[in-house]
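Overview (structure and organization)
Residues per chain are reported as follows:
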Number of protein chains: 2
Amino acid sequence: MKSGLVTIKDLARELNISASTVSRALKDHPDISKETKRAVQELAQKLNYQPNAVALSLKQRRSNTIGVIIPEIVHYFFSSVISGIEDVAYEAGFNVIICQSNERYEREVANAKTLLASRVDGVLVSISKHTTDYKHFKNFQNNEVPIVFYDRVVPDIIADQVIIDDFDAAYRSTRHLIDSGRTRIAHLGGPMALLIGQNRKNGYLKALSEAGIPADENLILEADSFEKARMAIMKLINQKIKFDGVFATNDLTAIGAMQTIQKKGYKIPDEIAIVGFSDGRFSGITDPTLTSVDQHGYEMGTLATQMLLKRILSEDDEYPAETKVLNADLIVRGSSII
Amino acid sequence: MKSGLVTIKDLARELNISASTVSRALKDHPDISKETKRAVQELAQKLNYQPNAVALSLKQRRSNTIGVIIPEIVHYFFSSVISGIEDVAYEAGFNVIICQSNERYEREVANAKTLLASRVDGVLVSISKHTTDYKHFKNFQNNEVPIVFYDRVVPDIIADQVIIDDFDAAYRSTRHLIDSGRTRIAHLGGPMALLIGQNRKNGYLKALSEAGIPADENLILEADSFEKARMAIMKLINQKIKFDGVFATNDLTAIGAMQTIQKKGYKIPDEIAIVGFSDGRFSGITDPTLTSVDQHGYEMGTLATQMLLKRILSEDDEYPAETKVLNADLIVRGSSII
DNA sequence: GTGAAAGCGCTAACAG
DNA sequence: CTGTTAGCGCTTTCAC
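The rules we used
Residues numbered from 1 in each chain as written. Chains lettered and ligands numbered in written order. Predicted model: local features only at pLDDT ≥ 70, side-chain atom pairs only at ≥ 80, totals over all residues. Heavy atoms only, no water. Near = heavy atom within 4 Å. Polar contact = N/O pair within 3.5 Å; in protein donor to acceptor, adjacent residues only side chain to side chain. Helix = DSSP H or I, 4+ residues; strand = E, 2+ residues; numbered from the N terminus. Domains from an automatic or database assignment. Axes fitted to C-alpha atoms, helices over the stretch in contact; angles between N-to-C directions. Parallel < 35°, antiparallel > 145°, perpendicular 65-115°, else oblique. Left-handed = near helix turned anticlockwise from the far one by under 90°. Contact = heavy atoms within 4.5 Å. Pairing = 2+ DSSP bridges. Buried < 20%, exposed > 50% of the residue type's maximum accessible area, 1.4 Å probe, protein only.

**Observations regarding the protein's contact with DNA strand D**
Of all residues adjacent to DNA strand D, which total 24 residues, the nearest are Ser20(A), Thr21(A), Lys59(A), Ile8(B) and Tyr49(B). Of everything in DNA strand D that lies within 4 Å of the protein, sugar and phosphate atoms constitute 62%. Lys9(B) is positioned with one of its side-chain polar atoms (N or O) 3.1 Å from a phosphate oxygen of DNA strand D. For the surface near DNA strand D, the elements supplying multiple residues, two or more each, are α2 (19–26) and α4 (53–60) of chain A together with α1 (8–15), α2 (19–26) and α4 (53–60) of chain B.

Shown next as structure tokens:
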């Protein structure tokens with residue numbers, strides 16, 4: 001922040017009027033005469049005056065900035081969320097400070113501290129995989145800085161939340177496979193420690209039981225990466241455990257499965273159908289294209305930000321914490337066409 | 001920024017000392033007695049005092065914040081750059097405000113204005129595809145806010161730059177194909193309007209001519225997306241124009257080509273070898289895996305930030321603008337194994 | 001060793 | 001219609 005930047009005082013001095021008059025003229029205050037306004041605005045234009053947001057923040061005790069804590073930007077889903085956040089925030093005249101936790105607890109705590117020091121007016125948080133202690137978030141609430149959690153929420157803090165209905169999405173994905181005539185459906189799931197892992201598995205189980213298909217433990221595997229999927233599928237095939245469908249907990253996993261299956265000579269979707277989760281950049285470019293659940297990251301970002309702004313701007317009256325559940329759409333593509 | 005947050009005054013009142021003493025005690029000023037320091041620091045801890053970064057910024061006329069203007073976060077390359085930026089910035093005690101231009105000129109101008117108003121101490125910029133006017137950047141320079149351009153730089157502004165050597169990377173990629181015995185190498189390139197498009201094509205041409213292989217206009221196609229690549233390759237094959245290698249301007253394009261080639265019954269890499277560019281998330285998950293140029297986004301981010309911080313922190317003496325050229329590594333994978 | 005005062009840039013209550 | 005004053009939270013001379 002260099003001294004070079006023009007201030008209100010500079011304008012005032014130049015025009016031989018007071019700083020307050022300049023301030024008022026700039027914001028079109030009704031008290032100020034037309035000529036003064038014109039003169040001030042003209043000079044401001046000429047000298048390229050930019051109001052000092054820092055001074056404003058201090059004065060108003062409101063920074064017009066929201067903080068975002070996000071696990072890892074490189075994931076398509078999270079970067080979509082950010083786009084949604086930015087669009088809504090800028091529209092409302094708010095800046096956005098983004099902090100990556102990189103899936104590390106210590107970093108997340110540091111992020112929280114930074115945002116608090118920066119006096120953000122509110123925060124949007126998706127917790128890291130390794131966060132089990134939530135004191136650093138309580139800190140915001142103690143200081144009346146509203147929080148909205150998105151996607152990866154925390155159980156023991158009362159706050160607004162935006163999540164997607166993992167259970168339902170998993171249910172519908174599995175249902176879709178069943179509807180296409182599959183009965184031996186494998187599930188490549190995430191760790192049960194994460195809520196989303198549990199929810200997706202439970203949705204899968206519900207669809208099976210509803211269709212009267214007994215769950216087969218041999219078909220339920222923990223595999224949530226490209227490599228793990230390859231190994232898991234390889235094992236199934238080598239052990240001659242038959243399956244005609246795969247519901248994977250994310251797209252990379254689905255693609256790992258897909259490749260292994262093809263390499264082993266099975267046809268997709270004819271012999272084995274595949275459904276992924278997250279609908280990232282990959283789903284359109286595999287061969288066949290991948291059926292997947294669209295998590296609507298952009299919408300999640302816009303919605304979370306709207307909820308946060310509502311809290312920030314709500315004058316006084318508190319209202320109870322809200323939880324919004326987004327529907328995730330199953331996008332049917334080539335890997336599961338009937 | 002709620003009133004709830006503890007200030008230095010609160011601590012002072014509580015301890016019946018002056019605000020200045022508290023301020024000094026908190027930063028371990030030698031003048032202050034041990035007991036006072038202890039008392040202050042203890043209370044600060046207890047009340048969870050967080051220094052108000054906004055007030056500090058105003059006072060120091062230095063926000064300890066850097067601004068980033070980036071085309072689109074959703075691209076793997078750009079999100080890697082951001083990670084590099086954040087790591088270096090946080091290490092140095094700087095915050096980062098990220099603004100997406102979404103490849104739109106107007107948005108970029110608005111971004112620049114926002115960052116100026118926020119009194120960032122410096123900016124990192126990669127211009128949008130549609131930016132041809134650079135006044136909004138001059139504004140920073142007029143106000144002594146240093147700029148470092150990364151990846152997509154601008155010709156007519158004198159400023160630090162970090163770029164990768166597209167020409168050389170393209171040359172080496174093509175060279176690699178030639179070394180593996182290919183002589184009919186197609187180039188799927190980007191629009192010639194962008195510097196990177198030209199550079200990559202020229203690198204390709206140089207490798208050919210150096211090897212005494214005449215360039216064939218039929219093999220030089222403008223195709224820089226998944227779909228365009230599919231159509232371009234389809235056309236080549238249908239027209240019975242023979243080729244045994246493909247150098248594509250990015251990975252999605254390479255993958256489009258790969259799929260079409262495989263679908264037409266040709267073996268990769270045996271009959272046709274493929275090299276992509278950017279080395280994103282895709283390269284490891286195709287079958288065969290994709291040879292590609294690693295653009296080193298993370299390093300670009302760290303380097304650009306180091307250059308920026310150096311400018312910000314360099315007390316007075318100006319030094320001439322620097323341009324750093326990063327080498328891009330060719331990562332050889334299955335699609336071009338000899 | 002500690003305190004009082006001024007000021008970073010801006011706004012708003014209070015005077016005139 | 002415009003100016004004066006005070007203050008947002010903090011640091012930093014300058015006093016004592």
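**Some points on the protein's contact with DNA strand C**
Contacts to DNA strand C come from 24 residues, most closely from Ile8(A), Tyr49(A), Thr21(B), Arg24(B) and Lys59(B). Backbone atoms, meaning sugar and phosphate, make up 66% of the atoms of DNA strand C lying within 4 Å of the protein. Ile8(A) is positioned with one of its backbone polar atoms (N or O) 2.5 Å from a phosphate oxygen of DNA strand C. Interatomic distance of 2.7 Å between a side-chain N/O atom of Arg24(B) and a base nitrogen of DNA strand C. Listed by contribution, the elements that provide at least two residues to the surface near DNA strand C are α1 (8–15), α2 and α4 of chain A together with α2 and α4 of chain B.

**Overview of the domain arrangement of chain A**
Domain parsing of chain A yields domain 1 (8–51), domain 2 (63–164 + 297–326) and domain 3 (166–295). With centres defined by C-alpha atoms, the gap from domain 1 of chain A to domain 3 of chain A works out at 65 Å.

**A closer look at the packing of helix α5 (residues 76–91) of chain B against helix α12 (residues 297–313) of chain B**
All names here are of chain B. With their axes 6 Å apart at the nearest point, α5 and α12 run at an angle of 40° to one another. When the axes of α5 and α12 are compared, the pair comes out oblique. The interaxial crossing formed by α5 with α12 has right-handed handedness. Counting all contacts with α5, which are made through Phe77, Ser80, Val81, Ser83, Gly84, Ile85, Asp87, Val88 and Ala89, the residues of α12 involved are Gly297, Tyr298, Met300, Gly301, Thr302, Thr305, Gln306 and Leu309.

**Overview of the sheet that holds strand β6 (residues 185–189) of chain A**
All names here are of chain A. Read across the open sheet, the 4 strands follow the order β7-β6-β8-β9; overall the sheet is parallel. The two strands at the open ends of the sheet, each matched to only one other strand, are β7 (220–222) and β9 (273–275). Across the sheet, the mean angle separating the axes of adjacent strands is 15° when strand polarity is ignored. Pairing between strand β8 (residues 245–248) and β9: 3 bridges, direction parallel. From the neighbouring strand, Val246 faces β9, where its bridge partner is Ile274. Lying over the sheet, helix α9 (residues 195–210) contacts β6, β7 and β8, oriented at roughly 170° with respect to β6.

**A short note on the environment of Asn143(A)**
All names here are of chain A. Examined against the element boundaries, Asn143 turns out to sit in the loop between α7 (135–142) and β4 (147–150). The class for Asn143 is buried, based on a relative accessible area of 9%. On a C-alpha basis, the gap between Asn143 and Asp287 in space is 52 Å, while along the polypeptide they are 144 residues apart.

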